[in-house]
Amino acid sequence: MPKRAKKIIEKEEIRHADRGKGIAKEKDVFADYKHKCPKCGYGKAEIIDIGAQYSDESDLILIKCGKCGYTERTEKKTT
């Protein structure tokens with residue numbers, strides 16, 4: 001059997017046309033909740049549910065702006 005020569009690639013150039021494909025255009029793709037940011041005025045936010053630390057506490061919910069990342073803290077009672 002003949003031995004196959006292994007080709008080692010030392011340096012591979014990336015073409016400019018291939019760069020950046022598959023990257024999301026928006027900063028936060030999870031921001032789908034309709035909420036106006038008090039800091040920048042952007043209309044979409046991400047909801048982050050932290051949950052309760054102890055059983056007698058209410059859930060901690062964070063609302064994070066999809067553009068600037070400003071986070072508001074809200075607590076909602078769950079029954």
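The structure displayed is predicted, hence computed values, not measured ones.

Conventions we followed
Position labels on residues start from 1 in each chain and follow its written sequence. Side-chain atom pairs in this predicted model are given and counted only at pLDDT of 80 or more, local residue features only at pLDDT of at least 70, and totals for whole chains, interfaces and linings cover all residues. Heavy atoms throughout the structure, all of them, feed into the side-chain values; hydrogens and water do not. The secondary structure listing takes helices from DSSP runs of H or I that are at least 4 residues long and strands from runs of E that are at least 2 residues long, numbered from the N terminus. Residue burial is assigned from relative accessible area. The probe radius is 1.4 Å, only protein chains are included, and a residue is buried under 20% of its type maximum, exposed over 50%, and partly exposed in between. The criterion used for residue contact is that any of the two residues' heavy atoms lie within 4.5 Å. Here the open area of atoms and residues is found with the Shrake-Rupley method and a 1.4 Å probe, where only the protein chains shown may cover a residue.

1. Observations regarding the overall build of the protein chain
Reasoning step 1: A count of helical and extended segments in the protein chain gives zero helices and four strands.
Reasoning step 2: Overall, the protein chain shows an N-to-C arrangement of helices and strands of β-β-β-β.
Reasoning step 3: For the protein chain, the proportion of its 79 residues judged to be buried stands at 18%.
Reasoning step 4: Within the protein chain, counting contacts between residues at least 6 apart in sequence, those at least 24 apart form 22% of the total.
Reasoning step 5: For the protein chain, the accessible area works out to roughly 7,800 Å², and carbon and sulfur atoms hold 50% of it.

2. Digging into the environment of Pro38
Reasoning step 1: Structurally, the position occupied by Pro38 is in the loop between β1 (33-34) and β2 (44-51).
Reasoning step 2: Remark: the alpha-carbon pair of Pro38 and Tyr70, spanning 32 residues in sequence, is separated by 8.6 Å.
Reasoning step 3: Excluding anything up to four places from it in sequence, Pro38 contacts Tyr70 and Glu72.

Scope: geometric values only; no functional claims are made or implied.
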